[in-house]
Amino acid sequence: GAQIPLGEIATISFSRGPSMIRDEEGQLTGYVYFNLNTSDYGGFVAKADRLLREKLRLPAGYSYHWSGEYELEQHAKSRLELILPVAFFVIFLLLYMVFHSVAEAAMLFFPALFALIGGLALQWLLGYEFSVAVAVGYIALFGIAVETAVVMVVYLRAALDQRLAANHPLAAEDIEAAAIDGAVLRLRPVLMTVFAVLGSLAPLLWESGIGSDVMKPIAAPIVGGMVTSTLSVMVLVPILFTMLKERA
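Residues numbered from 1 in each chain as written. Predicted model: local features only at pLDDT ≥ 70, side-chain atom pairs only at ≥ 80, totals over all residues. Heavy atoms only, no water.

Structural notes on the overall build of the chain
Counting secondary structure elements, the chain contains seven helices and two strands. Its C-alpha radius of gyration of 29 Å places the chain more than 25% over the 18 Å reference for a compact globule of 248 residues. Counting all 248 residues of the chain, 30% fall into the buried class. Sequence-distant contacts, at least 24 apart, represent 68% of the contacts inside the chain between residues at least 6 apart. Accessible surface computed for the chain: about 16900 Å², of which carbon and sulfur atoms make up 64%. Of the charged side chains in the chain, 16 are positive and 22 negative, and the gap between their average positions amounts to 4 Å. (Helix = DSSP H or I, 4+ residues; strand = E, 2+ residues; numbered from the N terminus. Rg over C-alpha atoms; globule rule 2.2 N^0.38 Å. Buried < 20%, exposed > 50% of the residue type's maximum accessible area, 1.4 Å probe, protein only. Contact = heavy atoms within 4.5 Å. Areas by Shrake-Rupley, 256 points an atom, 1.4 Å probe, with all protein chains shown as cover. Lys, Arg positive; Asp, Glu negative; His and termini not counted. Charge placed at Lys NZ, Arg CZ, Asp CG, Glu CD.)

See below:
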C-alpha cells in the first residue's frame, strides 16, 4: 500500500510518432487536413492532384485518396446528374397533362433557358465556380421561372377563351388582343413575385457572416436569373403563345 515514485519502476522518455494508428480496409492510413478559404473544393483538388502527379513519387505500396467535403461534393454531383433529367421530364409531363399540348409545354421551358442566361452572367461576375450550392440555386430558379410562365399561359388562355365563347371566327388581331389582355392582367403578379424574390435574396450577396459562403452561391443564380426570366415571361411567352394560336 506504499506510494513510490514512478521513476523507480519505469523509464520515461519522449519520442516522435503518430498520435494514433488508423487503418482503412486493412491498410495503414494517415490523414492530412486542409482548411480552405474557398468553397470551390473541386477546383482546388484538380489543381492539387495535378501538382502531386507531377512532383510526387510514391514508394511501392503507397497511395493517396481525396476525401472530406470534396468526396461529399462528388457524391452529390453524381446524384444531381440523375435527379435533374428526371425532374425536368416530370415537369414536362405535368405541363402536358395540364395543357394537353406538347407545343405549349415546350414553350414554358423558354423562361428557364432565359433564366439560365441571367444566372450564368451574375455567377461569372461574382466569380463563383460551379458547385452543389450553385446547382441548388439553379434548381430553385428553374422552378420559379416555370411557375410564373405557367400562370402567364393560364391568363392568356382565359383571355382567348372569352373571345372564343362569342362563337365567331377569330382573326389574328383578336388573338393578339387576347394575348395583350392576358399579359396585362399578369403584369402585377409577376412583378410582385420578382421583387419578393430579389428583396429576400439580393441582400445575401453582400453578407459576410457565418453561412454566407454557402448561401451566396445559392442566391446568385436566382437573383441574376429572375431578371432575364421576367423579361422572357412578360415578352417572349405572349409572343410564342400568339404565334401558336394563330397557326392553330
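Having put the structure on the table, let's press on.
Brief notes about the nonpolar core
Core analysis: the largest hydrophobic core is formed by 41 residues, its most contacted members being Leu 95, Leu 156, Ile 222 and Met 226. Put simply, the parts of the chain that give this core at least two residues each are helix 2 (69-99), helix 3 (102-107), helix 4 (110-126), helix 5 (132-164), helix 6 (172-201) and helix 7 (212-247). Broken down by element, this core gets its largest block of residues, 13 residues, from helix 5. When residues no more than four places from it in sequence are discounted, the contact partners of Leu 156 are Ala 179, Gly 182, Ala 183, Val 237, Pro 238 and Phe 241. (Core = buried A, V, L, I, M, F, W, Y, C linked by side-chain atoms within 4.5 Å.)

Observations concerning the layout of surface pockets
Its volume calculated, the largest pocket comes out at about 1300 Å³. Together, 31 residues line the largest pocket, and Gly 30, Tyr 31, Val 32, His 65 and Trp 66 are the ones closest to its centre. Contributions of two or more residues to the lining of the largest pocket are made by strand 2 (27-29), helix 1 (41-55) and helix 2. Among the elements that make up the lining of the largest pocket, the one with the highest residue count is helix 1 (four residues). (1 Å grid on protein atoms, 1.4 Å probe; cavity = no way out; pocket = protein on both sides within 12 Å on 5 of 7 lines; lining within 4 Å. Points joined across faces, edges and corners; volume = space filled by probe spheres on them.)

As for the packing of helix 5 against helix 7
Two elements in contact, helix 5 and helix 7, have axes whose closest approach is 8 Å; the angle formed by their N-to-C orientations is 25 degrees. Between helix 5 and helix 7, the crossing angle belongs to the class labelled roughly parallel. Read as a crossing pair, helix 5 and helix 7 show a hand that is right-handed. A per-class count over the contact of helix 5 with helix 7 returns 24 nonpolar, four polar and two charged. (Axes fitted to C-alpha atoms, helices over the stretch in contact; angles between N-to-C directions. Parallel < 35°, antiparallel > 145°, perpendicular 65-115°, else oblique. Left-handed = near helix turned anticlockwise from the far one by under 90°. Nonpolar A, V, L, I, M, F, W, Y, C, P; charged D, E, K, R; others polar.)

Digging into helix 6
The terminal C-alpha atoms of helix 6, which comprises 30 residues, lie 41 Å apart, in line with the 44 Å expected from a rise of 1.5 Å per residue. The sharpest bend along helix 6 comes to roughly 35 degrees, located at Leu 187, with the proline Pro 189 sitting one to four residues further on. Every buried residue of helix 6 is listed here: Ile 175, Ala 178, Ala 179, Gly 182, Ala 183, Arg 186, Val 190, Val 194, Val 197, Leu 198 and Leu 201. The inward-facing, buried residues of helix 6 contact helix 5 and helix 7. (Expected span 1.5 Å × (residues − 1). Bend = angle between axes of the 7 residues up to and from the residue.)

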